[in-house]
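The residues making up each chain are set out below.
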Amino acid sequence: MKNSARPHALLAVLAAVGLAFAATSCSSDDPETMPINPGDATDTIPATAYVVAATVDGTSYLLTTPSLSEGTLSVKGHGTEVNAATYWVFKGQKYLFGLVYNQGGNGTGASYYLDAAGTIREKYLYEYNRITTYGTWGQHVVTASTGSAPATQADAEGNLPQVLLFNLLNAEDGSQTTASVMAENFLGNGEKVHLAGLAEADGRLYASVIPGGMSRYGIARWPQCVTDPALIATADGGSASSAYTAGEIPSTQYPDSAYVAIYTGNLLQQTPHIARTGRIGYACGRYRSQYYQTIWPADNGDLYVFSPGYGRTVESTDDLKRVVGTKPSGVVRIKAGQTTFDDTYYVNLEALGTQHPMFRCWHISGDSFLLQLYRGGVDEMKKGKEADVSELAIFHAEARTLIPVTGLPDDLAGFGGEPYGENGKMYIAVSVTGGDYPAFYEIDAATGRAVKGLTVEADALQTAGVLEMQR
Amino acid sequence: MNRLHPLLSLLLALPAMSAEPALPADSLRPMEQTTLGEATVTTTRRDRVRRSAYSAVVADTRALQHRNLSLGQTLGTLPGLRLRQSGGVGSDSHLLIDGFGGRHVRIFVDGVPHEGSGMAMSLNNLPVDYAERVEVYKGVVPVTFGADAIGGVINVVTAQDPRPFALDASYTYGSFNTHKGHLRLLRRTGGGWTFALTAFQNYSDNDYRIDNWVRTFTVNDDGSVTRHPVDQSDVRHVRRFNDTFHNEAITARAGLTGTSWADRLWVTMTASQFYKEIQTGVYQDIVFGQKHRHGYSLSPAIDYSKRRIGGVLDVSLHADYTRNLTTNVDTAARYYNWLGDYYVTATQGEQSYQHAQQRNDAWNATAGLVWRPAHWHEVSLNHVYSAFRRTSRDYIGATATLTDYTIPKRSAKHITGLAWKVMPSERWNATAFAKHYAQSVRGAVSTSTDGVGNYEERHQTVTTWGLGAALTWFPLDGLQAKASYERACRLPTYDELFGDEDLEAGRTDLRPEHSHNVNLDLAYTRRFGRHSLRAEGTLLYRNTKDFIKRGIGKRGALQYGIYENHGRVRTRGYNLALRYTYGKWLAAGLTYNNTDTRDNEPRYTGGSGQANVHYGDRLPNIPYRYAGGDLTLRWPGILGQGTSLALTYDTSWQHAFPLYWESIGNADTKSYVPEQWSHNVALTLGLGQGRWTFTLQCDNLTDARLYDNFSLQKPGRALYVKARVSL
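Remember, predicted model here, so these are calculated numbers, not experimental data.

Parameters at a glance
- Residues numbered from 1 in each chain as written.
- Chains lettered and ligands numbered in written order.
- Predicted model: local features only at pLDDT ≥ 70, side-chain atom pairs only at ≥ 80, totals over all residues.
- Helix = DSSP H or I, 4+ residues; strand = E, 2+ residues; numbered from the N terminus.
- Buried ≥ 20, exposed ≤ 12 C-beta atoms within 10 Å, placed from the backbone.
- Contact = placed C-beta atoms within 7 Å.
- Pairing = 2+ DSSP bridges.
- Axes fitted to C-alpha atoms, helices over the stretch in contact; angles between N-to-C directions.
- Core = buried A, V, L, I, M, F, W, Y, C linked by C-beta atoms within 7 Å.
- pLDDT = per-residue confidence, 0-100.

(A) Broad picture of the overall build of chain B. Of the regular secondary structure elements, chain B holds four helices and 40 strands. Counting only residues that meet the buried cut, chain B has 48% of its 727 residues in that class. A fraction of 65% describes how many contacts in chain B between residues 6 or more apart in sequence connect residues 24 or more apart.

Right, dumping it as structure tokens:
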């Protein structure tokens, strides 16, 4: 779609996007038909293939396969060599986006498609800033990150506000739009925020908003939002992305709340509606400086919001007082079309199954979700990056039940990347120490039983999905 | 081992010759020198290295000082050596010795470790005028260089001028607004006092053209920005605009020479600074317009040496301290494209917001003893202590307040070597040696879930040992054979452990590498009449384990380069060098290098029994086959007595090599550094017995697209003029 300099061009674009979205939202039930010979009246089911992203020594290779449930693939001599991506996003079944996450730096990524010969080729090249989170919306893949504003926006003391930067990558024409929104006081409580998880459902974009304490700019501008002056750091500390300076509040004052921003129109022009709940803590998975998405729509458009309850891992010391959370892992939901959390729905995940806190989760299909749990309980959660997160379980949202996943290999080393769910089955990449190559395990959402599927001769696997051949 | 190139086989079949040449075989000085004593001294020292049992090559930089070259570039022409530059003047460079990258090569200046001296004094930023010669020891290193170097050691030897007065001055001007100057002054008084001053500077805008697609954009009325889709086939010839580099250095030395109690007692002070703009990220398609870094270094040093104490003992001592401060600046709220166009972004930092100062303190102390109880054998004992301390702090907010320094990262090394050399006859000599290495590393790591607080100081001590032997003999006149072996090791460098805080990330748990290194050399020199020929060949074998290898994108697909213990690597290779001169009129040389560095680790590392999918593959991103040649034609006396004109042509060829493992992935989709062929030409006029020279030089004559590294293009055709005087 061509861009013009007229005002509100973006609104027009997104309105069209909304229409396009309405049209494509039916696509999962009604496959596009592409006749082999243009003009031929006969409809033909399009050729699709499963696409697997495998890594060897930090480089990714994209391979195609007819099935994820069985067989063997090898990267020796096969697979399209691409820049290793941290995040892979399937944009419908037309494109696969590889997003490179740079710790603080610029990334370049590309979109790929399946050509008529069954080879994966690069389509468009994109650039974007550091990614904190990503998602899809209409024709776009959206990435978001938080950074410091330029000096022109400094306050009287020279403090810089934090800014949320969005990149909308247009999958169809390869263009991209960049714009920003103030990350300070995003929720109205004076805190600066990160986004962790962008989920598209029912014509809306939901973003999980994670408050991150108050910057010096925030404290100067909204001093009334400081709940306890003792929380303000008196000395510099932290390192890399967690570095903080004296005069800041380095961690959130609200660890026991979850916030979801709801966009219905222009992502950048409107103030989103913020839904808040106090029944769970902030909704994202954490690992070092990464924020993982834990908000997912079920197939019927209801948005399920999971929180591991990381507020409990915060340590408050004499040197640095911080607000410690208490909420355990839990789930709440926003019903399709609503802008507030559903009062009737709350599940305490630590009251179910093995009663372990969760780390991450993904949607399978219908209303079932795959949860990754801390095998050693809350104490394990506090170990941070050394924690054992090898336990899996299936959560059935309507039934409010948790089924353990069984059948995973005894010598499990770890899971790779993002799993892929379709038709009540979840395919997750599993690496082992015993000598086998990594393989996809097919987990049945109804029973929780896992069986070994496709094996890939590579170092590790990142994800799988489906692409349609483009003619 | 690969078959010999057919051309080479032909050359090696040349008939044997005899008799003495008029000039040393590979001298490129345009004139006979009346300063004969000095040249002979140089030749003697160079020949001493050649005659030693070590597999070593020497670059006679004195013979190249009329050219516009950096010290790194002079080394790049030696057999087995390859220089990889990522751009023009001041760009990041690495020297490879037989395929072993920059980290495997230790640099010494006058026998003292050069690590930690800062960017302004790095090897490729030192002019050719800086050194008298450069020695390269490959794979098996004498104990006098207390170093952990699996690839080898480069020793830069600065002017060892015995004369009472010397003055060297040169000035270069050339393409891309390049200006380089060098000055050396030496004064020795009758009373034994020595004063020396060396100063040099390099400046270049490096605004050469490169070939890349361009991303255009439009700033919309609502403040958002649209970047247009990129057509990667639309490659433009664009000019670099944020690549200026300049460095300046001055060294002052005062002391005593040749007294009864000291052969040398010197105090030296070096001050240097640099400014470097950073045009691209690790790949050329990421463009920066204001990102830069700058820094300075100060280094006092003291040297003492005395030979023949009691007739049998040599002692040398050295100590130095270097303080260097580097500031990395990436604060611009701008996005630039290759046309130099930019728009104002909402967040600061073109790559990643940074305004940080890094401070390194380095200490070196070396002590060497050589005991010669009899003329046929000697024992040497050497100890080197090197320590680093690195810390950093940030400038924050619009007022650029400085935060506190972070918890410092420290590393200290003690390397001790003991050697016994026997030289019972002119026909052969041999050395056996043992080394001990100890390193202690300290850094702080956050162990909390969110990376805030809970710092644990990590401390690691590593000790290991090495040993080796070297033997040389002269079975026939003009023929020399050498064999050498070392169980070498390499301790992780501080850059691998701690990173340079900007484009690289580090780790603190690396193990040292160990390697069995074997060299076999054969050299043949033959002279007859005015002809002179020298042929040398080296066979090398390296069996390395816990190889620390650079990999791009390991930690979750970052475009940073990080290091890790990869496993086992086996290297087999050979290099050949030929040199022919005809009197004062012609000199020609040819080198050919082939190294096969293979992954020898059958298991996928990481504590797993999983098979390694690239077992047996050549290590990626390493040039493995390359060659060079040069030809000089000389017209002595062209403008009268004491003048000369010389025309030099040199060329370099490199086989294509893949960026990633060769056997993995569909070959049509893989990334390669393409085959390269480059040509340079220089014309030099010498006056006053070679004391004055004027050179016109053209680099990259064919304006080829040259890449030493994937995606980072080097300059196109460039012209330089250099004027030099040497009194």
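(B) Region of interest: the overall build of chain A. Within chain A one finds three helices and 31 strands. Buried positions account for 53% of the 471 residues belonging to chain A. Look at the contacts in chain A between residues 6 or more apart in sequence, and 52% of them connect residues 24 or more apart.

(C) Representation of the pairing of strand β18 (residues 313-330) of chain B in the model. Residues and elements named next belong to chain B. The pairing of strand β17 (residues 292-309) with β18 spans 14 bridges and is classified as antiparallel. For S297, the partnering residue across the bridge sits in β18 and is N324. Between β17 and β18, which pair antiparallel one after the other, the connecting turn spans three residues, and G310 there sits at a positive phi close to 65°.

(D) View of unusual backbone geometry. One non-glycine residue, R400 of chain A, adopts positive backbone phi at about 55°. With respect to the helices and strands, R400 of chain A occurs in the loop between β25 (391-396) and β26 (401-404). Judged by the 14 C-beta atoms lying within 10 Å of it, R400 of chain A falls in the partly exposed class. With phi around 75°, S711 of chain B is a residue other than glycine that occupies positive phi space. Its location among the elements puts S711 of chain B in the loop between β38 (707-709) and β39 (712-713).

(E) Expanded view of the pairing of β26 of chain A. In this structure, β25 of chain A lies alongside β26 of chain A, joined through four bridges in antiparallel fashion. Bridge assignment links A393 of chain A to a residue of β26 of chain A, and that residue is P404 of chain A.

(F) Up close: the sheet that holds strand β2 (residues 59-65) of chain A. Residue and element names in this part refer to chain A. Overall, antiparallel pairing links the four strands, which are arranged β4-β2-β1-β31 in an open sheet. Either end of the sheet is taken by a strand with one partner, and the two such strands are β4 (80-82) and β31 (460-468). Shown here is a sheet whose adjacent strand axes are inclined to one another by a mean of 25°, direction ignored. The pairing of strand β1 (residues 48-56) with β31 spans eight bridges and is classified as antiparallel. Note on β31: the bridge partner recorded for V51 is G465.

(G) Spotlight on the nonpolar core. Ranked by size, the top nonpolar core spans 131 residues in total, and within it V52, A54, V260, V305, F440 and A458 of chain A carry the most contacts. When neighbours within four sequence positions are excluded, V260 of chain A is seen to be in contact with Y206, A207, S208, V209, A275, I295, V305 and I334 of chain A. Within the second largest apolar cluster, 54 residues are counted, among which are A63, L71, F108 and Y437 of chain B.

(H) Representation of the sheet that holds strand β12 (residues 217-219) of chain B. Read across the sheet, six strands follow the order β9(A)-β10(A)-β11(A)-β12(A)-β13(B)-β12(B) without closing on themselves; strand pairing throughout is antiparallel. In this open sheet, the two edge strands, each paired with only one partner strand, are β9 (133-137) of chain A together with β12 of chain B. The average angle at which neighbouring strand axes cross in this sheet is 25°, direction not considered.

(I) Focus on the environment of Q253 of chain A. Residue and element names in this part refer to chain A. With respect to the helices and strands, Q253 occurs in the loop between α2 (216-221) and β15 (258-263). With 42 residues separating them along the chain, Q253 and P211 place their C-alpha atoms 8.2 Å apart. In contact with Q253, not counting residues within four places along its chain, are E191, T227, L231 and V323.

(J) Just the environment of A434 of chain B, in detail. Residue and element names in this part refer to chain B. Mapped onto the fold, A434 is located in strand β25 (residues 428-446). For the pair A434 and L418, spaced 16 residues apart in sequence, the C-alpha to C-alpha distance is 5.4 Å. Residues contacting A434, with those up to four places away along its chain left out, are L418, W465 and L467.

(K) Summary view of the confidence of the model for chain B. All names here are of chain B. Across chain B, the average pLDDT comes to 85, with 86% of residues at or above 70. Counting interchain partners and residues more than four positions distant, the pLDDT-below-50 stretch residues 499-506 has 23 contacts. Note that residues 551-561 has pLDDT below 50 and, in this model, 39 contacts with residues that lie over four places away or in other chains. Scoring the predicted complex yields pTM 0.84 and, for the interface, ipTM 0.83.

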